[in-house]
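# Structure assessment
Each chain is listed here by its residues.
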Amino acid sequence: MPSNTPSGAAAAASCPRLSLSTASSPNWAGLFALMLASFATTANETVPAGLLPQLAAGLGVSEAWAGQLVTLCALGAGLGAVPLATGLRHWPRRRVLVLALGGFFLCNAITALSTHFLLTLAARLVVGAAAGLAWSVIAPYARRLAPPAQQGRALAVAMLGLPLALALGVPLAAWLGQLVGWRWVFGGLSGLALLLAVWLLAAVPDAVDTVDAGRQSRPASASQAPRPRLGQVLALPGVRPVLAVVLLWVLAHYTLYTYIAPFLAAAGQADRLGAVLSTFGLCTLAGLWLVGWLVDRHLRGLVLASLGLFAGIAAAYGAWGTSWPVIAAGAALWGLSFSGAPTLLQTALGDAAGEHESVAQSMLVTVFNLAFAGSGVLGGALLATVGATALPWMPVALAAAAWGTAFLARRHGFRGGRR
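Residues numbered from 1 in each chain as written. Predicted model: local features only at pLDDT ≥ 70, side-chain atom pairs only at ≥ 80, totals over all residues. Heavy atoms only, no water.

## Structural notes on the overall build of the chain
- Within the chain one finds 20 helices and two strands.
- Per-residue burial over the chain gives 51% buried out of 419 residues.
- If you take every contact in the chain between residues at least 6 apart in sequence, the share linking residues at least 24 apart comes to 84%.
- Accessible area of the chain: about 17100 Å², with a carbon and sulfur share of 71%. (Helix = DSSP H or I, 4+ residues; strand = E, 2+ residues; numbered from the N terminus. Buried < 20%, exposed > 50% of the residue type's maximum accessible area, 1.4 Å probe, protein only. Contact = heavy atoms within 4.5 Å. Areas by Shrake-Rupley, 256 points an atom, 1.4 Å probe, with all protein chains shown as cover.)

In structure tokens form, the structure reads like this:
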């Protein structure tokens, strides 16, 4: 971090930074780069799931063991987000994101060349840690590339890469894996990370946390003041309610989404799995556009409406899950309701955390990934005990609890009115 010395001033001049006080309109080129960064991060986390047969054959393991490549990535993201983001919180946002992309570049190159399963597992663990670091910085970076009144829209643009990766990137990677082999897919992910890092360094303005920007103008003795601990950030008004909603919403969503195939099979609709997933994916794109348009004016209403809509869909699946019109309509509304969840939750958390947003966003990444992992355990337990047809009722209860938490957090966390 540049100091108040002449050398520090020269360094700052050679590396221009964007601050909220000087931004008059969103930096669309920078936001597009962040959209590609969210696309690359999502692809790094999800692509192996579409390549399990090829990975198993290429590494000489069973598909069950190949599936641990996905598990290790999620574990790395959950465990690495908070310590990495906390340790690097004094770095400019661009430098942190470039470091994460460097992790993608190196570890995907290792994966593409590796013939040893344990080495590949280790590489996926590091990819997960890099993904957790990337998610903790993309949101605050996007918000600092726009004036305060348009930060929600800027975040929605940056997060557009997530549904694009799920709807297009994963199926494309699975097709390319069959066409040219899985090693070329990981080589392509490595190349994408390298190109994106070069683009960020060459064409996208830097940004610093407001706390860091303020410290650069203080006397040296003041700039050495200790930063707040994780517990202090967690104690900020509104942070805990938002993280609670993250936990409940993600747990509810993925408990049903992860086990949608056995649910449809039990309902006699197994042959329509592709149609359900495609409908869900396409509607997430439309929903994210709608959220980006409205989030800065109606954040609270969007959160409550989305959670209420999802609870209603899950209840309809539990009551009339054998009806194809109910399933099809539910998939479309489900995609609309969940598509904006990352934007809504990250915007609410950023508002609540203020100048300590980066640390708070790393907490969100950890909670999100732990809830994701927990949904697999919870859904599997429900599947083994009450059966697939009763599976939707647990998401109903979880979504209702999330709705109540968001409703009660009207003063801090999910405030009404224009941001």
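## Digging into empty space enclosed by the protein
- Summed over the entire model, instances satisfying the criterion amount to two cavities of 30 Å³ or more.
- Within this model, the second largest cavity holds a volume of roughly 30 Å³.
- The wall of the second largest cavity is formed by Tyr257, Ile260, Val276, Leu277, Phe280 and Trp334.
- A total of three residues in the lining of the second largest cavity trace back to one element, the largest contributor, which is helix α16 (residues 273-320).
- Here the lining of the second largest cavity is composed, by residue class, of six nonpolar, no polar and no charged. (1 Å grid on protein atoms, 1.4 Å probe; cavity = no way out; pocket = protein on both sides within 12 Å on 5 of 7 lines; lining within 4 Å. Points joined across faces, edges and corners; volume = space filled by probe spheres on them. Nonpolar A, V, L, I, M, F, W, Y, C, P; charged D, E, K, R; others polar.)

## Things to note about the nonpolar core
- Of all hydrophobic cores here, the largest spans 54 residues; its most connected members are Val245, Trp249, Tyr317, Trp334, Leu344 and Phe414.
- Counting residues per element, this core draws most heavily on α16, at 14 residues.
- The contacts of valine 245, once residues within four sequence positions are left out, are Val250, Leu307, Leu345, Ala402, Thr405, Ala406 and Phe414.
- Core analysis: the second largest hydrophobic core is formed by 38 residues, Ala37, Leu97, Ala142 and Ala197 among them. (Core = buried A, V, L, I, M, F, W, Y, C linked by side-chain atoms within 4.5 Å.)

## Description of the environment of alanine 122
- You can see alanine 122 is positioned in helix α7 (residues 117-143).
- Each C-alpha atom of the pair alanine 122 and cysteine 107 lies 8.8 Å from the other, and the pair is 15 residues apart in sequence.

## Considerations on helix α5 (residues 68-87)
- The end-to-end C-alpha separation of α5 is 28 Å, in line with the 28 Å expected for 20 residues at 1.5 Å each.
- Considering bend angle alone, the principal kink of α5 is centred on glycine 80 and spans about 45°; proline proline 83 follows within four residues of it.
- Along α5, the positions that sit buried rather than exposed are Leu69, Cys73, Gly76, Ala77, Gly78, Gly80, Ala81, Val82 and Ala85. (Expected span 1.5 Å × (residues − 1). Bend = angle between axes of the 7 residues up to and from the residue.)

## Comments concerning the packing of helix α2 (residues 28-46) against helix α6 (residues 93-113)
- Orientation of α2 relative to α6, taken along the N-to-C sense of each, is 40°, at an axis distance of 12 Å. Of the possible angle classes, the one that applies to α2 and α6 is oblique. The crossing of α2 and α6 is left-handed. Residues Leu34, Ala37, Thr41 and Asn44 of α2 form the contact with α6, whose participating residues are Leu97, Phe104 and Asn108.
- Its residues placed into classes, the contact of α2 with α6 shows four nonpolar, three polar and no charged. (Axes fitted to C-alpha atoms, helices over the stretch in contact; angles between N-to-C directions. Parallel < 35°, antiparallel > 145°, perpendicular 65-115°, else oblique. Left-handed = near helix turned anticlockwise from the far one by under 90°.)

## Some words on the pattern of salt bridges
- Taken as a whole, this structure holds one salt bridge when the rule is applied.
- One salt bridge in this structure joins arginine 143 and aspartate 351, with 3.1 Å as the shortest N-O distance. With arginine 143 in helix α7 and aspartate 351 in helix α18 (residues 341-353), this residue pair connects regions lying 208 residues apart in the sequence. (Salt bridge = Lys/Arg side-chain N within 4 Å of Asp/Glu carboxyl O.)

## As for the packing of helix α9 (residues 161-180) against α16
- At a minimum axis separation of 9 Å, α9 and α16 run at an interaxial angle of 160°. Considering their axes alone, α9 and α16 lie roughly antiparallel with respect to each other. Remark: the crossing between α9 and α16 carries left-handed chirality. Across the interface between the two elements, Pro163, Leu164 and Ala167 from α9 touch Gly281, Thr284, Leu285 and Leu288 from α16.
- In terms of residue class, the contact of α9 with α16 is made up of five nonpolar, two polar and no charged.

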